Amino acid sequence: MSRAKAIKILDILEETYPQAKCELHFRTPFQLLVATMLSAQSTDRTVNRITESLFARYPDVESFLSLTQEQLEQEIREIGLYRNKAKNILAMCRELVTRFSGQVPASLEDLTSLPGVGRKTANVVLSNAFNIPALAVDTHVFRVSNRIGLAHSDRVDQTEEQLTALIPKNRWSKSHHLLIWHGRRTCTARKPRCEACSVMPYCEFFKKI
């Protein structure tokens, strides 16, 4: 796909979803990091419900480290994979203290060196907590970008490479949100609402079907 066509698609999506933004609730980079770790295979709505009370009582890394793993598991047990997430979050907190003076680092390399923090989570934090251009590829971004034709790959890492090569850097962060909102509201996994899609004329998937 040409860059001009990709920009046209993004312009249309921006008109369609002018309020597109991160839907996880947070006040600090640390809270966003925890919320994003919790969001894997869980909905943002569920994560926000849990973190509203969790962050009120445990707002920072020091207060999280006052919890045992069992206690944190009880706090987040409504979330999928809660045992493994509790283990990773506490391990991440310990490394923040020992390696980064309790502060969330603002580099991809440092973030992905933390337990339980993959490239997608790191990019979400860089983009939304530090305003550093990044394009996180979650399940929605992966599905929508490959359906439309912004990317052509069955691998997440290649999809990210293709998107960041195609989309201007100053639009990476916004594009991430636009593709997520489109994936949640129109280009859904099982039954995409092609008849209601604002970018239907440009979509490779629609042309095939």
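So, a few notes on the structure that sits alongside this text. (Residues numbered from 1 in each chain as written. Predicted model: local features only at pLDDT ≥ 70, side-chain atom pairs only at ≥ 80, totals over all residues. Heavy atoms only, no water.)

1. Comments concerning helix α3 (residues 44–57)
As a reminder of what qualifies: Helix and strand definitions here come from DSSP, where helices need a minimum of 4 consecutive H or I residues and strands a minimum of 2 consecutive E residues; each element is numbered from the N-terminal end. One fewer than the residue count of a helix, multiplied by 1.5 Å, yields its expected span. By definition, a residue's bend is the angle between the axes fitted to the seven residues ending there and the seven starting there. Each residue's exposure class comes from its accessible area (1.4 Å probe, protein chains only) as a fraction of the maximum for that residue type: buried when under 20%, exposed when over 50%, partly exposed otherwise. In this analysis, two residues are considered to be in contact whenever any of their non-hydrogen atoms come within 4.5 Å of each other.
For α3, spanning 14 residues, the distance from its first C-alpha to its last is 20 Å, which sits close to the expected 20 Å at 1.5 Å a residue. Of all the bends in α3, the greatest measures close to 35° and is centred on Thr-51. Turning to α3, its buried residues are Asp-44, Thr-46, Val-47, Asn-48, Ile-50, Thr-51, Leu-54 and Phe-55. Tucked into the core, α3 has its buried residues touching α2 (29–38), α4 (61–64), α5 (69–75) and α11 (172–185).

2. Re the environment of Leu-96
In this structure, Leu-96 sits in helix α6 (residues 82–100). For Leu-96 and Leu-114, which are 18 residues apart along the polypeptide, the C-alpha to C-alpha distance reads 8.0 Å.

3. What to know about unusual backbone geometry
Within the chain, Leu-81 stands out as a residue other than glycine whose phi angle is a positive 60°. Positionally, Leu-81 belongs in the loop between α5 and α6. For Ser-101, which is not glycine, the phi torsion reads 55° and is therefore positive. Residue classification places Ser-101 among the exposed residues on the basis of a relative accessible area of 67%.

4. Thoughts on the packing of aromatic side chains
Rule in force here: Each Phe, Tyr or Trp ring, with Trp reduced to its six-membered ring, pairs with another whose centre is within 6.5 Å; inter-plane angles below 30 degrees give stacked pairs, above 60 give edge-to-face pairs, and intermediate values give tilted ones.
Summed over the entire model, instances satisfying the criterion amount to three aromatic pairs. Their ring planes at 80° and their centres at 5.3 Å tell us that Phe-30 and Phe-64 sit as a pair that is edge-to-face. Placement of Phe-30 in helix α2 and of Phe-64 in helix α4 is noted, with a sequence separation of 34 residues between them. Classification of Phe-64 by relative accessible area gives buried; the value is 0%. A centroid spacing of 6.4 Å and a plane angle of 70° characterise the contact between Tyr-58 and Phe-64, whose relative ring orientation is edge-to-face. By relative accessible area, which is 17% here, Tyr-58 ends up buried. An aromatic cluster is present here, built from Phe-30, Phe-55, Tyr-58 and Phe-64 joined pairwise through their rings.

Don't take any of this as a statement about function, it's just geometry.
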